[in-house]
Amino acid sequence: MSRSRFHGRHETQGRQCERPGCCEAGEFRAPGNRPNGFDGPGQWRWFCLDHVREFNLGYDWFEGMSAEEILAAQAPAAGWRTESAAFSPRAAVDGMPRWADFDDPLDAISARAGGIRSRAEREAKMAMGGRFSRDEAAALEVMGLGSDTDRRRLRRRYSELVRRYHPDRNGGDRGYEARLTRVVDAYQLLRKSKAIG
């Protein structure tokens, strides 16, 4: 979609102004009913210049917010306190890597792509490669590690996961106890593995 440098005008591509009764070209966009989100870009409404100006005069970004939410949205650091999933404390749960675990961004991207493939496929690939048994491949999945893991990375990952899932670090919440047990069992198996150098 080409856009004019001035006035926010877009080529019409046959769009008509969405204001009922207007026959002008819809060259100016305004927020639609669905905002941008995980499912992709939001919807736009298309208006002629006069009607987009009218829409903008009546548009209230803060509509539906409480006074506290409005104040928070106007704060200088608004938006920076939101954690992305890859950097949150719950990242790297059940095999997905956490970006902060890697020195090289390309390694992080590679691990992320590897984490998207199915668990069974990765386990089978590692086991069929002859380097890891099926149990060791499953243990690497529990730890969120790939087949290129060395002992240093294994120890670092183990200590991070133990700290994350231990009840003392979760206010006494024992909800992560099963995950902690899986992590400990996986580490005990992998630390004895001859496949990890």
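Above this text is the structure in question.
This section reports on the structure supplied with the text. The structure presented is a predicted model; accordingly, all values stated were derived computationally and were not measured. (Residues numbered from 1 in each chain as written. Predicted model: local features only at pLDDT ≥ 70, side-chain atom pairs only at ≥ 80, totals over all residues. Heavy atoms only, no water.)

**Examining the side chain of His51**
Stage number 1. Tracing the backbone shows His51 in helix 1 (residues 49–58).
Stage number 2. Setting aside residues up to four positions removed in sequence, His51 forms contacts with Cys17, Arg19 and Cys22. (Helix = DSSP H or I, 4+ residues; strand = E, 2+ residues; numbered from the N terminus. Contact = heavy atoms within 4.5 Å.)

**Observations concerning the nonpolar core**
Stage number 1. Ranked by internal contacts, the top residues of the largest apolar core, which has 17 residues, are Met143, Leu154, Tyr165, Val183 and Leu190.
Stage number 2. Those elements giving two or more residues to this core turn out to be helix 5 (134–143), helix 6 (151–165) and helix 7 (177–191).
Stage number 3. Top element by residues in this core is helix 7. It accounts for five residues.
Stage number 4. Grouped together as the second largest cluster of nonpolar side chains are eight residues, Cys22, Ala30, Phe47 and Val52 included. (Core = buried A, V, L, I, M, F, W, Y, C linked by side-chain atoms within 4.5 Å. Buried < 20%, exposed > 50% of the residue type's maximum accessible area, 1.4 Å probe, protein only.)

**Considerations on the packing of helix 5 against helix 7**
Stage number 1. Two elements in contact, helix 5 and helix 7, have axes separated by 9 Å at closest approach and are oriented at 130°. For the element pair helix 5 / helix 7, the angle class is oblique. Note on packing geometry: the crossing formed by helix 5 with helix 7 is left-handed. Residues Asp135, Glu136, Ala139, Leu140, Val142 and Met143 of helix 5 pack against Arg182, Val183, Ala186, Tyr187, Leu189 and Leu190 of helix 7.
Stage number 2. Each residue belonging to the contact of helix 5 with helix 7 can be placed in one class, and the counts come to nine nonpolar, no polar and three charged. (Axes fitted to C-alpha atoms, helices over the stretch in contact; angles between N-to-C directions. Parallel < 35°, antiparallel > 145°, perpendicular 65-115°, else oblique. Left-handed = near helix turned anticlockwise from the far one by under 90°. Nonpolar A, V, L, I, M, F, W, Y, C, P; charged D, E, K, R; others polar.)

**Section: the packing of aromatic side chains**
Stage number 1. A full pass over the atoms with the stated rule returns three aromatic pairs.
Stage number 2. The cationic tip of Arg15 hangs over the ring face of Trp46; the distance from NZ or CZ to the ring centre is 3.7 Å.
Stage number 3. Above the ring of Trp44, the side-chain terminus of Arg29 is found at 4.2 Å from the ring centroid. (Phe/Tyr/Trp six-rings, centres within 6.5 Å; stacked < 30°, edge-to-face > 60°. Lys NZ or Arg CZ within 6 Å of the ring centre and 35° of its normal.)

**Structural notes on helix 1**
Stage number 1. When helix 1 is considered as a whole, its buried residues turn out to be His51, Val52 and Phe55. With its buried residues spanning 100° around the axis, helix 1 presents them on a single face. Away from its buried face, by an angle of more than 90 degrees, helix 1 presents the exposed residues Asp50 and Leu57.
Stage number 2. Looking at the buried residues of helix 1, the elements they touch are strand 1 (28–31) and strand 2 (44–47). (Arc of directions from axis to C-beta.)

**Focus: the pattern of salt bridges**
Side-chain pairs of opposite charge can arise whenever the charged atoms involved come near each other.
Stage number 1. Counted under the stated rule, the structure contains three salt bridges.
Stage number 2. Linking Arg157 and Glu160 is a salt bridge whose minimum nitrogen-to-oxygen distance equals 3.2 Å. One end of the pair, Arg157, and the other, Glu160, are both in helix 6, three residues apart, so they sit about a helical turn from each other.
Stage number 3. Relative accessible area serves as the criterion here: at 4%, Arg157 is assigned to the buried category.
Stage number 4. Of the charged contacts in the structure, one is a salt bridge between Arg164 and Glu160, with a shortest N-O distance of 2.7 Å. With Arg164 and Glu160 both in helix 6 and four residues apart, this pair spans about one turn of that helix. A single burial state applies to Arg164 and to Glu160, both of which are buried.
Stage number 5. One network of salt bridges, with partners in common, ties together Arg157, Glu160 and Arg164. (Salt bridge = Lys/Arg side-chain N within 4 Å of Asp/Glu carboxyl O.)

Spatial relationships are all this shows, so hold off on functional conclusions.
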